Amino acid sequence: MTPTPKSTLPPLEGDATMPVGIMSDGSISLYVHIPFCQSKCSYCDFNSYAGLESLIEPYVGALLAEMGLWREPTQHMRVATVFLGGGTPSLLPLAEVERVMTALRQRFRLAADAEVSFEANPGTVDRPYLQGLRSLGVNRLSLGVQSFHDDELATLGRIHTAAQARDTYHTARRAGFDNVNLDLIYGLPRQTMTAWQYTVREAVALRPDHLSLYALTVEEGTPLADAVARGRLPPPDADLAADMYLWAEDALAAAGYQHYEISNWALPDRECRHNLAYWLNEPYLGLGAGAHSCFGGFRFANVKDPRRYVALVEESAKAGGRPAEGLAPFLAGLGHVAFAEQVTPARAMAETVVLGLRLVEGLPLEEFRRRFGQELMSVYGAQVEELEALGLLERGNGCLRLTARGRLLGNEAFQRFLPD
Ligand code: SF4
């Protein structure tokens with residue numbers, strides 16, 4: 001008899017009898033986490049590891065096994081978007097990407113027009129690799145450029161130069177990628193407004209389809225936090241970072257980019273469909289070490305450590321889940337799932353508001369009413385009126401949205417909606 005993996009889950013509350021496979025016949029998004037990096041960047045507290053290359057092959061094997069576990073529960077769902085993120089997915093040899101893509105097609109109902117995004121680090125990919133990705137069905141590339149100044153890249157501990165970022169971008173275009181995102185970071189220690197403006201102008205000159213601009217946060221336990229604590233680097237200047245954001249908003253609008261989410265801009269019809277699904281609070285399934293999911297009324301997350309993930313998924317696969325018995329017991333039987341909780345209706349409403357407010361167009365009030373059977377103002381009238389009086393929220397065109405000032409102070413607004 002195959003042993004049942006020991007569950008690390010607390011007891012789950014909720015509808016334990018709901019059969020997993022018939023919960024929804026709608027769309028779902030898949031996130032696939034690749035936790036390998038060539039070296040750790042100084043600011044990074046993501047679930048990523050340097051020096052674990054020997055685990056790549058067994059890790060991909062575990063991903064395939066995890067996909068097999070979810071085949072039945074998602075059999076009626078159409079996979080609209082896939083995002084391979086990390087970590088550095090471009091550290092996977094092409095043969096391993098092929099294993100992942102083949103299994104995705106075999107085990108899920110991948111839509112013919114699915115958006116398939118792939119994160120790559122400049123300097124880690126060449127033209128044959130990028131052409132290989134295209135031929136495997138990857139149709140959107142996200143490049144972690146971060147800055148067009150080599151001294152800033154060195155401060156961040158990035159493995160590439162600005163010249164390599166430009167080269168990789170052009171190579172991606174030549175390899176057939178017609179949907180490319182560039183990630184940039186602002187608010188770096190000692191970064192001047194002039195330096196940031198140069199980075200944004202250089203990025204715009206390349207004409208990517210999409211730009212993600214993130215404010216640097218100094219995360220505890222990182223080498224960057226240590227350097228700031230020891231006085232080797234100044235802490236980020238929050239006022240200057242806000243000015244950088246406001247300048248970029250104007251510059252990107254002038255260059256024809258639509259600001260569609262707090263940190264994201266796109267050319268027309270080039271919004272990231274995968275991330276839109278998150279902000280619209282639609283179901284997603286995360287595969288891989290530390291990956292989070294929100295699916296079937298539950299939120300859950302896999303164990304973070306890639307070695308434990310590989311070992312525990314193997315056990316889960318041997319034991320074999322029984323989705324027909326319901327999602328709660330199914331999750332409880334998956335040894336690699338480290339955390340799970342039911343999303344209460346109050347929580348689902350609050351999260352829909354908070355995520356929807358990240359969108360520049362805002363949260364459609366009619367969509368809220370359709371989803372929850374209540375008017376948003378009947379649930380959150382007091383909070384909305386208070387935030388409107390503070391100049392952080394506004395209503396118009398059937399949507400509730402953050403004002404320009406509200407986008408700078410988003411957390412102030414969000415915390416008013418979240419239950420204690
Ligand atoms: S490449 Fe990305 S995931 Fe890897 S260490 Fe750098 S910031 Fe972190």
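What counts and how
- Residues numbered from 1 in each chain as written.
- Predicted model: local features only at pLDDT ≥ 70, side-chain atom pairs only at ≥ 80, totals over all residues.
- Heavy atoms only, no water.
- Helix = DSSP H or I, 4+ residues; strand = E, 2+ residues; numbered from the N terminus.
- Buried < 20%, exposed > 50% of the residue type's maximum accessible area, 1.4 Å probe, protein only.
- Contact = heavy atoms within 4.5 Å.
- Areas by Shrake-Rupley, 256 points an atom, 1.4 Å probe, with all protein chains shown as cover.
- Lys, Arg positive; Asp, Glu negative; His and termini not counted.
- Charge placed at Lys NZ, Arg CZ, Asp CG, Glu CD.
- Near = heavy atom within 4 Å.
- Nonpolar A, V, L, I, M, F, W, Y, C, P; charged D, E, K, R; others polar.
- Pairing = 2+ DSSP bridges.
- Salt bridge = Lys/Arg side-chain N within 4 Å of Asp/Glu carboxyl O.
- Phe/Tyr/Trp six-rings, centres within 6.5 Å; stacked < 30°, edge-to-face > 60°.
- Domains from an automatic or database assignment.
- Buried area = accessible area lost by both parts, 1.4 Å probe.
- Polar contact = N/O pair within 3.5 Å; in protein donor to acceptor, adjacent residues only side chain to side chain.

Draft legend 1. Geometry of the overall build of the chain. The helix and strand inventory of the chain stands at 16 helices and 17 strands. Going through the 420 residues of the chain one by one, you find that 52% of them count as buried. For the chain, long-range pairs separated by at least 24 residues make up 74% of all intrachain contacts whose partners lie at least 6 apart in sequence. Carbon and sulfur atoms make up 51% of the accessible area of the chain, which totals about 18100 Å². The chain carries 38 positive and 50 negative side-chain charges, and their two centres are separated by 4 Å.

Draft legend 2. Main features of the site of the ligand. The immediate surroundings of the ligand are formed by Cys37, Ser39, Lys40, Cys41, Tyr43, Cys44, Phe46, Ser48, Gly87, Thr88, Asn121 and Arg158. Looking at side-chain class alone, the shell around the ligand contains 5 nonpolar, 5 polar and 2 charged residues.

Draft legend 3. Fine view of the pairing of strand 4 (residues 78-86). Most of strand 4 is tucked away, with 8 of its 9 residues classed as buried. Pairing geometry for strand 1 (residues 27-34) and strand 4, over 8 bridges, is parallel. If you follow Val32 over to strand 4, its bridge partner there is Leu84. The pairing of strand 4 with strand 5 (residues 109-120) spans 6 bridges and is parallel. Pairing of Thr81 across the sheet is with Glu115, part of strand 5.

Draft legend 4. Representation of the pattern of salt bridges. Scanning the model with the defined rule gives 21 salt bridges in all. Among the salt bridges present, the one from Asp178 reaches Arg270, with a minimum N-O distance of 3.9 Å. Residue Asp178 is found in the loop between helix 5 (162-174) and strand 7 (180-186), and its partner Arg270 is found in the loop between strand 10 (264-266) and helix 9 (273-279); the two are separated by 92 residues along the sequence. Take Asp178: its relative accessible area is 45%, and that puts it in the partly exposed class. Among the residues examined, Arg270 registers a relative accessible area of 25% and is labelled partly exposed. Taking the shortest distance from any N to any O, the salt bridge between Glu367 and Arg371 comes out at 3.9 Å. With Glu367 and Arg371 both in helix 13 (residues 365-372) and 4 residues apart, this pair spans about one turn of that helix. A relative accessible area of 28% means that Glu367 is categorised as partly exposed. Arg371 gets classed as partly exposed once you look at its relative accessible area, which sits at 30%. Salt bridges sharing common partners tie together Arg173, Asp178, Asp209 and Arg270.

Draft legend 5. Geometry of the packing of aromatic side chains. Overall, the coordinates contain 14 aromatic pairs when judged by the stated rule. For the pair Tyr186 and Trp196, a centre-to-centre distance of 5.3 Å together with 45 degrees between the ring planes defines the contact as tilted. One end of the pair, Tyr186, is in strand 7; the other, Trp196, is in helix 6 (residues 193-206), with 10 residues separating them in the sequence. Judged on exposure class, the residue Tyr186 and its partner Trp196 are both buried. Here Tyr380 and Phe417 contribute two aromatic rings whose centre-to-centre distance is 5.2 Å and whose plane-to-plane angle is 80 degrees, an arrangement assigned as edge-to-face. Highlighted residues: Tyr380 in helix 14 (residues 376-389) and Phe417 in helix 16 (residues 410-417), separated in sequence by 37 residues. Assigned by exposure class, Tyr380 and Phe417 land together as buried. Pairwise contacts between aromatic rings join Trp70, Phe295, Phe300 and Phe330 into one cluster.

Draft legend 6. Just the domain arrangement of the chain, in detail. According to the domain assignment, the chain contains domain 1 (24-279) and domain 2 (345-417). Across the boundary between the two partners, domain 1 contributes 12 residues, which contact 9 residues of domain 2. Interface area, domain 1 with domain 2, both sides summed: about 940 Å², of which 64% is carbon and sulfur. Taken together, the connections running from domain 1 to domain 2 amount to 2 salt bridges. We note a salt bridge from Glu249 to Arg407, for which the minimum N-O separation is 3.2 Å. Where domain 1 touches domain 2, the interface holds 5 residue pairs in polar contact (both at pLDDT 80 or more). Mapped by element, the contributors of at least two residues to the side of domain 1 that touches domain 2 are helix 8 (238-254), strand 9 (258-261) and helix 9. Of the residues forming the side of domain 1 that touches domain 2, the biggest block, 4 residues, is contributed by helix 8. Class assignment of the residues belonging to the side of domain 1 that touches domain 2 gives a composition of 8 nonpolar, 2 polar and 2 charged.

Draft legend 7. Quick look at the sheet that holds strand 17 (residues 399-402). Strand order in this open sheet of 3 strands is 15-17-16, and the pairing throughout is antiparallel. The open sheet has two edge strands, strand 15 (363-364) and strand 16 (393-396), and neither has a second partner.

Draft legend 8. Just the environment of Leu104, in detail. When you line up the elements, Leu104 lands in helix 2 (residues 94-107). On the basis of relative accessible area, Leu104 is assigned to the buried category, the value being 0%. Counting along the chain gives 298 residues from Leu104 to Leu402, while the straight-line C-alpha distance between them is 37 Å.

Draft legend 9. Unusual backbone geometry, seen in detail. Residue Gly86 is joined to Gly87 through a cis peptide bond whose omega torsion reads 15 degrees. Here Gly87 shows up in the loop between strand 4 and helix 2. A positive phi is found at Asn281, a non-glycine position, where the angle reads about 55 degrees. Examined against the element boundaries, Asn281 turns out to sit in the loop between helix 9 and strand 11 (284-287). Asn281 sits in the buried class, given a relative accessible area of 12%.

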